[in-house]
Amino acid sequence: MLLNKRIIIGICGGIASYKAVDLVSKLQQAGALVDVILTEHAEDFVRPLTFSTMSHRPVYSDLWEASGRAAETHIALAEEAELLAIVPATANTIAKLAYGIADNMLTAVALATKAPLVLAPAMYRDMYTHPATQANLALLRERGACIIEPEVGRLASGAVGPGRLPTTEVLQGAISKALGRNGDLAHRLVVVTAGGTHEPIDPVRYVGNRSSGKMGYAIATEARDRGADVILISGPVALEAPYGVELRTVETALQMRDAVQSAITGADVLVMSAAVADFRPDTPAAQKLKKGNGGGEAQGFDAHGGLTLHLVRNPDILGELAGIPGSSETSHGQITDKGERSKRLVRVGFAAETNDIVTNAQSKLQAKHLDLLVANDVGRRDSGFGVETNKVIIFHATGQIEDLPVMPKTGVAATIWDRIVPLLSTT
Ligand SMILES: Cc1cc2nc3c(=O)[nH]c(=O)nc-3n(C[C@H](O)[C@H](O)[C@H](O)COP(=O)(O)O)c2cc1C
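Values in this document were obtained by computation on a predicted structure and should not be read as measured data.

What counts as what
- Residues numbered from 1 in each chain as written.
- Predicted model: local features only at pLDDT ≥ 70, side-chain atom pairs only at ≥ 80, totals over all residues.
- Pairing = 2+ DSSP bridges.
- Helix = DSSP H or I, 4+ residues; strand = E, 2+ residues; numbered from the N terminus.
- Axes fitted to C-alpha atoms, helices over the stretch in contact; angles between N-to-C directions.
- Contact = placed C-beta atoms within 7 Å.
- Buried ≥ 20, exposed ≤ 12 C-beta atoms within 10 Å, placed from the backbone.
- Parallel < 35°, antiparallel > 145°, perpendicular 65-115°, else oblique.
- Left-handed = near helix turned anticlockwise from the far one by under 90°.
- Nonpolar A, V, L, I, M, F, W, Y, C, P; charged D, E, K, R; others polar.
- Expected span 1.5 Å × (residues − 1).
- Arc of directions from axis to C-beta.
- Domains from an automatic or database assignment.

Colleague: Teacher, can you tell me more about the sheet that holds strand 18 (residues 372-377) here?
Modeller: Two orientations exist for strands paired in a sheet by backbone hydrogen bonds: parallel and antiparallel. One open sheet holds the eight strands; their spatial order is 13-12-9-14-17-18-20-21, and the pairing between them is mixed. The open sheet has two free edges, formed respectively by strand 13 (246-249) and strand 21 (401-403), since each of these has just one partner strand. Averaged over all pairs of adjacent strands, the angle between their axes in this sheet comes to 15°, without regard to strand direction. Pairing geometry for strand 12 (residues 229-234) and strand 13, over four bridges, is parallel. Across the sheet, the residue bridging to isoleucine 231 is glutamate 246, located in strand 13. Strands strand 9 (189-194), strand 12 and strand 14 (269-272) of the sheet are contacted by helix 9 (residues 214-224), whose axis makes an angle of about 165° with strand 9. Here helix 12 (residues 357-367) sits on the sheet and contacts strand 17 (346-353), strand 18 and strand 20 (392-396); the angle it forms with strand 17, its principal contact strand, is near 150°.

So, in structure tokens, the structure goes:
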């Protein structure tokens with residue numbers, strides 16, 4: 001996504017400017033061609049050498065430098081840029097951008113470029129909430145700029161409030177999303193489920209599984225970076241929500257079913273990568289079960305203090321949607337109980353298998369009327385739960401079977417979207 005992208009990072013004279021070093025480094029490592037422009041006051045906080053060392057490219061600052069290099073290049077930079085991100089953006093520079101002032105290298109390039117503009121305001125709380133700053137940001141947002149909301153927290157002054165620069169991951173996410181806004185999933189709504197579910201035994205214990213959510217989060221992130229609006233329905237996981245994705249959290253399979261059913265209205269694609277529990281304890285105890293026969297037979301304890309759980313079947317979320325036409329049907333969709341569905345829903349399922357992968361996957365694909373089924377062998381050390389890589393076989397409704405090599409989960413996510421895009425309805 002970031003490979004060979006021409007990105008300008010503008011850096012203003014704010015206390016958070018040192019944090020932009022990490023961003024430039026991460027973008028460079030991801031393959032982007034990063035040109036850095038410092039304002040004069042940014043140089044009071046950080047040195048150009050730090051950035052040129054990280055970006056492996058020249059750094060620009062003075063539009064009026066004696067060599068004339070910056071003066072010659074500022075229009076070329078503006079024309080070649082695929083994105084301009086200003087990190088941190090000071091109140092001062094935000095005001096200049098709102099009024100079209102171009103009195104330094106950064107603001108001149110900002111005025112000259114047609115590339116999308118991403119701003120990460122960072123400043124003292126009362127500067128940020130000042131009506132002038134808010135009005136300037138509103139004007140820039142109206143003109144199409146992407147404004148990354150600052151975090152609320154402890155600021156350099158000691159005050160607490162909005163104004164902190166978000167993490168590098170958030171900044172990089174916003175840049176990736178802005179770069180991909182016209183991608184092959186632009187104007188599409190996609191729903192992705194991720195993680196496992198927790199089925200309560202009592203208020204403190206649950207039946208769960210080892211899904212980390214990494215595969216589903218990678219699928220949601222990749223869809224965002226191709227321009228989609230993404231709803232990510234996630235079970236309990238230890239992952240940060242990807243920037244620019246609508247996160248809906250659930251705990252149980254029943255909650256996951258409700259969340260999926262309400263999210264798919266108007267959606268183009270549903271990717272069910274969550275590991276939803278097939279079974280749940282039929283009646284969770286209202287109070288914590290005590291060890292040693294404490295709950296008596298009514299709670300499932302036997303005479304030796306052993307506990308027996310009675311598990312009932314959870315709904316089959318994808319199976320219940322089998323009636324909705326997918327990409328292979330000729331119908332143009334069906335009406336939901338809300339009367340809103342008018343397009344076909346491409347449905348992609350996942351199957352975590354330890355044995356008989358091909359047979360199990362093929363029967364699941366057919367029984368649930370899926371467009372694609374991604375089977376992963378969770379018995380391998382380099383595939384499935386918790387690890388960064390996955391080894392998958394993609395089964396198509398057409399009968400085609402693709403046995404893919406071990407790949408990073410981000411690569412698997414990209415391949416899955418490459419297969420989904422041709423299936424999207426054009427109606
Ligand atoms: C120590 C110090 C810290 C500052 N931190 C910020 C800041 O975090 N955000 C901000 O908007 N301005 C901050 N300022 C004020 C800006 O440096 C000042 O408005 C300057 O004119 C910005 O220039 P520039 O927008 O061209 O970089 C700070 C000033 C000083 C002296």
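Colleague: Is there a simple way to think about the environment of threonine 193 in this case?
Modeller: Mapping threonine 193 onto the fold places it in strand 9. Accessibility expressed as a C-beta count within 10 Å gives 30 for threonine 193, which makes it buried. Measuring from C-alpha to C-alpha, the distance between threonine 193 and leucine 232 comes to 5.8 Å, with 39 residues separating the pair along the chain. Setting aside residues up to four positions removed in sequence, threonine 193 forms contacts with Gly216, Ile233, Met256, Val260, Met272, Ser273 and Ala274.

Colleague: What am I meant to see in the sheet that holds strand 2 (residues 33-38) here?
Modeller: Here we have six strands laid out as an open sheet, ordered 3-2-1-4-5-6, and parallel in their pairing. In this open sheet, the two strands that pair with only one neighbour each are strand 3 (59-60) and strand 6 (146-147). The sheet contact formed by strand 4 (residues 83-89) and strand 5 (residues 117-121) spans four bridges and is parallel. Residue pairing in the sheet places alanine 85 in a bridge with valine 118 of strand 5.

Colleague: When you look at the packing of helix 9 against helix 13 (residues 409-420) in this model, what are you seeing that I'm missing?
Modeller: Packed helices, taken two at a time, are described by the angle their axes make and the gap between the axes. Running from N to C, helix 9 and helix 13 cross one another at 55°; their axes reach a closest spacing of 8 Å. If you check the angle between helix 9 and helix 13, you find them oblique. Where helix 9 crosses over helix 13, the handedness of that crossing is right-handed. Seen from helix 9, the contacting residues are Lys214, Met215, Ala218, Ile219, Glu222 and Ala223; seen from helix 13, they are Lys409, Thr410, Val412, Ala413, Ala414, Ile416 and Trp417. Its residues assigned to classes, the contact of helix 9 with helix 13 comprises nine nonpolar, one polar and three charged.

Colleague: Looking at this structure, I do not really get helix 13. What am I missing?
Modeller: Because an α-helix packs 3.6 residues into every turn, residues spaced three or four apart end up facing the same way. Between its first and last C-alpha atoms helix 13 spans 16 Å; for 12 residues at 1.5 Å apiece the expected length is 16 Å, and the two agree. The set of residues buried in helix 13 consists of Lys409, Thr410, Val412, Ala413, Ile416, Trp417 and Ile420. Along the axis of helix 13, the buried residues cluster in a sector spanning 160°; they form a single face.

Colleague: I'm lost on the domain arrangement of the protein in this one. Help?
Modeller: By domain assignment, the protein separates into domain 1 (6-179) and domain 2 (189-278 + 314-423). Here the C-alpha centre of domain 2 lies 37 Å away from the C-alpha centre of domain 1. Counting from both sides, the interface comprises six residues of domain 1 and, opposite them, six residues of domain 2. Classifying every residue of the side of domain 1 that touches domain 2 gives two nonpolar, two polar and two charged.

Colleague: Would you mind showing me how to read unusual backbone geometry here?
Modeller: Working note: non-glycine residues mostly have negative phi, and peptide bonds are mostly trans. A cis geometry characterises the amide bond from valine 87 onward to proline 88, with omega recorded as -5°. Considering the arrangement of structural elements, one finds proline 88 in strand 4. Even without a glycine there, the phi angle at asparagine 4 is positive, about 60°. Tracing the chain through its elements places asparagine 4 in the segment before strand 1 (6-11). Residue asparagine 4 is classed as exposed on the basis of its 8 C-beta neighbours within 10 Å. You will see that histidine 369, though not glycine, has its phi angle at about 55°, which is positive. Checked against the element boundaries, histidine 369 lands in the loop between helix 12 and strand 18. The partly exposed category is assigned to histidine 369, around which 19 C-beta atoms lie within 10 Å.

Colleague: I tried to follow the pairing of strand 4 on my own but got confused; where do I start?
Modeller: Regular strands place side chains that alternate from one sheet face to the opposite one. Across the seven residues of strand 4, seven count as buried, placing the element largely inside the fold. A two-sided burial pattern is seen for strand 4, the buried positions comprising Leu83, Ala85, Val87 and Ala89 on one face and Leu84, Ile86 and Pro88 on the other. As judged from the four bridges shared by strand 1 and strand 4, these two strands associate in the parallel manner. Residue pairing for strand 4: isoleucine 7 is matched across the bridge by leucine 83.

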